[in-house]
Amino acid sequence: MVTGTRVLLSPQPSKVYGTRSTFFSPLITSKSNSSIEKEVLGAFKICYPRFLEHEKYNRFWKGVGLLMEMVGAFIVVLLMVSGLNVEADGSNHRYKEREVVPLYANKVGPFHNPSETYRFYDLPFCAPDNVKDKKEDLGEVLNGDRLVDSPYELTFRVDKQSETLCRKKLSKEEVAQLRTAVLKDYYFQMYYDDLPFWGFLGKVERENKMDQSEYKYLLFKHIHFEVLYNNDRVIEINVQTDPNLAVDITEDKEVEVEFSYSVEWKETDIPFEKRMEKYSKSSSMPQHLEIHWFSIINSCVTVLLLTGFLATILMRVLKNDFIKYSHDEESLDDQEETGWKYIHGDVFRFPKYKSLFSAVLGSGTQLLALAFFIFLLALVGVFYPYNRGAFFTALVVIYALTSGIAGYTATSFYLQLEGSNWVRNLLLTGCLFCGPLFLTFCFLNTVAIVYSATAALPFGTILVIVLIWTLVTSPLLVLGGIAGKNSKTEFQAPCRTTKYPREIPQLPWYRGTIPQMAMAGFLPFSAIYIELYYIFASVWGHKIYTIYSILFIVFIILIIVTAFITVALTYFQLAVEDHQWWWRSVLCGGSTGVFIFGYCLYYYYGRSDMSGFMQTSFFFGYMACICYGFFLMLGTVGFRASLLFVRHIYRSIKCE
């Protein structure tokens, strides 16, 4: 009796002869154009002094106008391209009997290393006479997809029994290559009418043998396709492998293999509109939903208890402080002030490194806006399962379009802090997050090129990203900076700052920056750590995550808790007469990013089976950039909340 196990589209299929754990489981103020032109020219005079010596002002301004028209056209084209759904050669997914349905082979790679994927024909598979690459959009390339023509012919509603694909004589080197692939649990991925499916190349028969040299390696040579259709549409495709039709590749010798396949068509009543629901069922299963909602309830209860406790203490202490200071003012006692009122002349003293501080706020605000826009697209259903490249395309486009927010926020706040060189601050803002990300990308892309992996971006894709940064990100950043400079907003401090700063009294060790960051990051991290596992299993594994509403609730809880805990620690810092709260609030707010990176270490070594230099470098490289982004974003949230709180309490008392 022939036994086999489907390699299903759901996240938890089994493998032949055994089961697997998880699988696939305002912009410009009301100023004249001449005023704005002066601002632009002023910036260029500083950055490019020789440029204006050879160009007329009017020609320059016409060039700027032409550039902005080009930027606008580029944005429109980019949005049109990114908004297109990837379809099978532009078809409407309707087919007649015996009509060819597009089948593309995508990539192969070790099951436990999701970033380490290779082109399908890097392994000695049967290939058509003329292999053609499918045209892909930006997001697909960033996702590592490299679709090519497949040798299998699955014509619509035509059954096939043991169709010979090819006869191939494998050399010793090819046998060794395939044996290594089977040992590493290589899988393949294909797309049939835009429906993804997976399968394993073979299996290892261990049979309680401890010595690896005694293992038996089998290569599957027959694949059975089961296709479900509804009228003239393809609804579902599953794959089965027959363990009785396998070839032994244990020894280093030439092997003659006849690869074959069979096709069986079955009718179903599932409508075409619901054919993608199968891929999201795993994350919507009752047991998974219970865990998610338990995570939400646990986070909410923890947050309510702890924040309520802190709020009660904080409000009671503040009320006592207000009564005390009001009583002191009415009695006109000559007592020496103590506590946070004592440092009212220093609390609004501007921090050191104004340019860097403003750049952090600008980049953090942009990343916060990016997160909200991504959640908005997710909640309206843009990122349905296996919409190839949609998420990466959205990240690139939205980050480029929100760069004006970073420029406006950074420049406006920098000038409020009485900064002088706003152009340098603008350059620092543009490079603060993109700089480390670019350096990390260069290193990891070099590693991928050495490995010949599909994660290596081709030159054309890199050129497109550079053009987006040059034609969209940079101009919008400059425009945002000009708008921030024209806003001329003054910093509103309830108390005047004294000429000389007060000396900060000696404080115990737990009042230091590092212990305070540890206390500040623990509470927000405890509210999200359960959900983090599902995110990591989706990004760095084969599970599917589609419950974006729950993730959005967790994100809002993270923002609220970060703001509250930072405010509490800022008050305790001011209460001991430590007035250097500006940078401390940023560090405490962003410390959750450090905790997330610590969770990365735990997940890599404790919860995953990832291995190899490429996968390790990709995991820690890109997770370091993501955690750095969380640090900037949550640090901005922490500072903004602390600033509102500090302004409020010092407005409530009379300061000389």
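Residues numbered from 1 in each chain as written. Predicted model: local features only at pLDDT ≥ 70, side-chain atom pairs only at ≥ 80, totals over all residues. Heavy atoms only, no water.

### Overview of the packing of aromatic side chains
Selection rule: Any Phe, Tyr or Trp ring, taking Trp's six-membered ring, that has another such ring centre within 6.5 Å forms a pair; planes under 30 degrees apart are called stacked, those over 60 apart edge-to-face, and the others tilted. The helix and strand labels rest on DSSP assignments: H or I over at least four residues marks a helix, E over at least two residues marks a strand, and numbering proceeds from the N terminus. For every residue, the accessible area (1.4 Å probe, protein chains only) is compared with the maximum for its type, and the residue is labelled buried under 20%, exposed over 50%, or partly exposed between those bounds.
Per the counting criterion, the structure on display carries 58 aromatic pairs. Relative to Phe639, the ring of Phe357 lies with its centre 4.9 Å away and its plane at 85 degrees, an arrangement referred to as edge-to-face. In this pair, Phe357 sits in helix α7 (residues 354-379) while Phe639 sits in helix α16 (residues 613-651), placing the two residues 282 residues apart along the sequence. A relative accessible area of 0% means that Phe639 is categorised as buried. Aromatic side chains Phe413 and Phe639 sit 5.7 Å apart centroid to centroid with 85 degrees between the ring planes, which places their arrangement in the edge-to-face category. Here Phe413 is found in helix α9 (residues 403-416), whereas its partner Phe639 is found in helix α16, with 226 residues between them in sequence.

### Side note on the state of the cysteines
Put simply, the rule reads: Whenever a pair of cysteine sulfur atoms sits within 2.5 Å, that pair is classed as a disulfide.
For the structure on display, the rule yields 1 disulfide. Note on cysteine connectivity: Cys126 is disulfide-linked to Cys166, with sulfurs 1.7 Å apart. Measuring the twist about the S-S bond at about -55 degrees, one finds the Cys126-Cys166 disulfide to be left-handed. Highlighted residues: Cys126 in the loop between β3 (118-119) and α3 (138-142) and Cys166 in strand β5 (residues 160-170), separated in sequence by 40 residues. Here the two residues Cys126 and Cys166 agree in accessibility, since each one is buried. Unpaired in this structure, Cys434 has its nearest cysteine sulfur neighbour in Cys431, at a distance of 7.6 Å.

### Considerations on the nonpolar core
We apply this condition: Take the buried Ala, Val, Leu, Ile, Met, Phe, Trp, Tyr and Cys residues and link them wherever side-chain atoms come within 4.5 Å; each set so joined is a nonpolar core. Here a residue-residue contact requires only that any non-hydrogen atoms of the pair lie within 4.5 Å.
Counting 85 residues, the largest nonpolar core has Phe413, Phe536, Leu574, Phe619, Phe639 and Tyr650 as the members making the most contacts within it. Secondary-structure elements contributing two or more residues to this core are α6 (286-331), α7, α8 (390-401), α13 (513-539), α14 (548-575), α15 (582-607) and α16. Here the element with the most residues in this core is α16; it accounts for 16 residues. Leaving out residues up to four positions away in the same chain, Phe536 has contacts with Gly541, Tyr599, Cys600, Tyr603, Phe619 and Met623. Ranked by size, the runner-up nonpolar core spans 61 residues in total, among them Cys126, Val204, Tyr229 and Val239.

### A look at the sheet that holds strand β12 (residues 246-248)
The condition is simple: A pair of strands is treated as paired once DSSP finds two or more bridges between them. Axes here refer to lines fitted to C-alpha atoms; in helices the fit is confined to the stretch in contact. Angles between the N-to-C directions go from 0 to 180 degrees.
Pairing in this open sheet of 3 strands is antiparallel, and the strands run β8-β9-β12 from one edge to the other. The open sheet terminates on both sides in strands that have one partner only, identified here as β8 (202-205) and β12. Within this sheet the neighbouring strands show an average axis-to-axis angle of 25 degrees, counted without direction. With respect to the sheet, helix α4 (residues 172-183) is in contact with β8 and β9 (216-220), its orientation differing from that of β9 by roughly 100 degrees.

As far as function goes, none of this settles anything; it's purely spatial.
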